[in-house]
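# Breakdown of the fold
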Amino acid sequence: MPKAQETVLEIDLKALKHNFKYLKSKLKNNTKFLAVVKAFGYGSDACEIANCLQELNADYFAVAYANEGVALRHAGITKPILVLHPQAVNFKTLIEYCLEPSLYNAKVLNDFISIASAEKQTNYPIHIKFNTGLNRLGFWENDVEYIASKLKNTNAVKVKSTFSHLAASEDLDEKEFTLSQIASFKSISENFTKAIGYKPILHICNTSGILNYPEAHFDMVRSGIGLYGFGNSDKENKHLKPIATLKTIISQIHNIEKGESVGYNRAFKSDAFLKTATLPIGHADGIGRQYGNGNGFVTINGQKADIVGNVCMDMIMVNITNIDCKEGDEVIIFDANHTAENLAKNTNSISYELITAISQRVKRVLSK
Ligand SMILES: *Cc1c(COP(=O)(O)O)cnc(C)c1O
């Protein structure tokens, strides 16, 4: 990649391919792979990511909301797309774009059946989500008979998959809880299969589930963060490659004398001479205010430069007192070595939050 001349997010499709292959190598040959590309492909570029993975034969895609699925269809994605959290107002759009809803309670099930019937659909693919302990979305174990009775009265829809979501698959201290979720999913899905009279695809694992619970891969796994290069543990991070590099440049250098302040609210006041660099990236680009006042840092010519004072909307200032650099030099916010996970840790955040926060204003650049 050439040196940055403005703030850019570079997306390395080779690293994506590497991560996909690594995660696939954890699966049995016939286990399907669903790639989660919600939230702009975890802040990267959902359409490019999905197109690359479609070529590599990923079986399924998932997004959170309907409009994300529509964007994938416009970008040429023809594989099935699961919409994890659809809203009734978008059900007609889902059908128009052949997007498959996750249905998680009686209201959305009945709303979807009504709309699919009105649209004269037969066997429209739906996915039934069960709650096994995350307590976020999902039918309960004792809803099985109710769902089955609703399905018996219509041919507008057909259950393509039954799934659940793990609450703490990355946390081995919660292994007992996770195993109980897996056991409960097994028993619910067996009852459900009996009740509806055919076997849907079963799936429960996210990335950490894939890595930590091979016995729970069932028929399909759903991976997001792993594809983007994070394994939620030092051990797994070694096998994965972060696909995104966030870079910027030095716009201006200032000499700050003792007693002067830097930035809004004069949050930083110097007690000795320092040199600062102003960078064209701020909270509107996804570097939240929590990274200000020394909680976040960047890397310039291989050296760490702390953020000085408050993060502005469009800029941050960093301390370069001991760094040999000049205006126009490249600055790394995060890359494969100075990882987003590491930077996020400083503010009690996680890789997921930092990478998905990089706003659409930041130019995406692909390397293939
Ligand atoms: C986001 C999401 C995933 C992906 O999880 P990762 O930890 O990123 O692999 C899987 N399943 C559901 C239901 C999700 O919402």
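Residues numbered from 1 in each chain as written. Predicted model: local features only at pLDDT ≥ 70, side-chain atom pairs only at ≥ 80, totals over all residues. Heavy atoms only, no water.

The next point concerns helix H4 (residues 66–74). The complete set of buried residues in H4 reads Ala66, Glu68, Gly69, Val70, Leu72 and Arg73. Buried residues belonging to H4 abut helix H2 (38–43), helix H3 (46–55), strand S3 (60–63), strand S4 (81–83) and helix H5 (91–96). Immediately beyond the C-terminal end of H4, within one or two residues, lies Gly76, with a positive phi of roughly 95 degrees. (Buried < 20%, exposed > 50% of the residue type's maximum accessible area, 1.4 Å probe, protein only. Helix = DSSP H or I, 4+ residues; strand = E, 2+ residues; numbered from the N terminus. Contact = heavy atoms within 4.5 Å.)

Now for the site of the ligand. Around the ligand lies a shell of 14 residues, among which Lys38, Tyr42, Thr207, Ile225 and Tyr352 are the nearest. Lys38 is positioned with one of its side-chain polar atoms (N or O) 2.7 Å from an oxygen atom of the ligand. At 2.7 Å from an oxygen atom of the ligand is found a side-chain nitrogen or oxygen belonging to Tyr352. Burial of the ligand by the protein chains amounts to 93% of its free accessible area of 390 Å². Elements with a contribution of two residues or more to the shell around the ligand: H2 and strand S9 (220–223). Partitioned by chemical class, the residues of the shell around the ligand number five nonpolar, five polar and four charged. (Near = heavy atom within 4 Å. Polar contact = N/O pair within 3.5 Å; in protein donor to acceptor, adjacent residues only side chain to side chain. Areas by Shrake-Rupley, 256 points an atom, 1.4 Å probe, with all protein chains shown as cover. Nonpolar A, V, L, I, M, F, W, Y, C, P; charged D, E, K, R; others polar.)

What follows is about the pairing of strand S17 (residues 316–319). Strand direction decides the pairing type here: strand S14 (residues 274–279) and S17, joined by four bridges, are antiparallel. Bridge pairing in S17 places Leu279 opposite Ile316. With two bridges connecting them, strand S16 (residues 303–308) and S17 associate as antiparallel partners. For Ile307, the partnering residue across the bridge sits in S17 and is Val318. (Pairing = 2+ DSSP bridges.)

Turning our eyes to something else, we now look at the packing of helix H6 (residues 106–118) against helix H7 (residues 144–152). The geometry of H6 relative to H7 is characterised by a closest axis approach of 11 Å and an angle of 5 degrees between their N-to-C directions. The angle between H6 and H7 places the two elements in the roughly parallel class. On H7, the residues touching Ala106, Leu109, Asn110 and Ile113 of H6 are Tyr146, Ile147 and Lys150. Residues belonging to the contact of H6 with H7 are distributed by class as follows: five nonpolar, one polar and one charged. (Axes fitted to C-alpha atoms, helices over the stretch in contact; angles between N-to-C directions. Parallel < 35°, antiparallel > 145°, perpendicular 65-115°, else oblique.)

Much of the literature gives interface size as the accessible area that the parts lose upon coming together. By the assigned domains, the protein splits into domain 1 (31–228) and domain 2 (244–367). For domain 1 versus domain 2, the distance between C-alpha centres works out to 38 Å. If you look at the interface, domain 1 gives eight residues, while domain 2 gives seven residues. Regarding the contact of domain 1 and domain 2, the summed buried area is about 770 Å², with carbon and sulfur atoms giving 64% of it. If you sort the residues of domain 1 by the area they bury against domain 2, Tyr42, Gly43 and Ile225 come out on top, with a joint share of 50%. At the junction of domain 1 with domain 2, the criterion picks out zero salt bridges. Between domain 1 and domain 2 we count two residue pairs in polar contact (both at pLDDT 80 or more) in total. Ranked by residue count, the leading element in the side of domain 1 that touches domain 2 is H2, at four residues. Grouping the constituent residues of the side of domain 1 that touches domain 2 by class yields five nonpolar, two polar and one charged. (Domains from an automatic or database assignment. Buried area = accessible area lost by both parts, 1.4 Å probe. Salt bridge = Lys/Arg side-chain N within 4 Å of Asp/Glu carboxyl O.)

This brings us to the nonpolar core. In this structure, Phe112, Ile128, Ile300, Val318 and Phe334 are the most contacted members of the largest nonpolar core, which totals 110 residues. Mapping this core onto the domain boundaries places at least three of its residues in each of domain 1 (31–228) and domain 2 (244–367). Ile128 has contacts with Leu103, Leu109, Phe139, Ile147, Val159, Ser161, Thr162, Phe163 and Phe192, leaving out every residue within four places of it along the chain. Within the second largest apolar cluster, six residues are counted, among which are Leu274, Val308, Cys312 and Met317. (Core = buried A, V, L, I, M, F, W, Y, C linked by side-chain atoms within 4.5 Å.)

Let us now look at the pairing of strand S2 (residues 32–36). For S2, a buried count of four out of five residues is recorded, marking the element as mostly surrounded by other parts of the structure. Of the strand pairs in this sheet, S2 and S9 are connected by four bridges, and their pairing is parallel. Its bridge partner lying in S9, Leu34 is registered against Arg222.

What follows is about the packing of helix H1 (residues 13–24) against H3. When two helices pack together, their arrangement is given by the angle between the helix axes and by the axis-to-axis distance. Orientation of H1 relative to H3, taken along the N-to-C sense of each, is 50 degrees, at an axis distance of 11 Å. In terms of orientation, H1 lies oblique with respect to H3. Crossing handedness for the pair H1 and H3: right-handed. Residue-level contacts link Leu13, Leu16, Lys17 and Phe20 of H1 to Ile49, Cys52 and Leu53 of H3. Here the residues of the contact of H1 with H3 are counted per class, giving six nonpolar, no polar and one charged. (Left-handed = near helix turned anticlockwise from the far one by under 90°.)

The next thing to look at is the sheet that holds strand S1 (residues 8–12). As summarised here, the arrangement of the nine strands in space is S11-S14-S17-S16-S15-S18-S10-S1-S19, forming an open sheet in which the pairing is mixed. The strands lining the two open edges of the sheet, one partner per strand, are strand S11 (252–256) and strand S19 (363–367). When strand polarity is set aside, the average angle formed by the axes of neighbouring strands in this sheet is 35 degrees. Inspection of the sheet shows S1 paired to S19 by five bridges, in the parallel sense. Considered in S19, the bridge of Leu9 is made with Arg364. Sheet strands touched by H1: S1 and S19. Its angle to S1, the strand with the most contacts, is close to 45 degrees.

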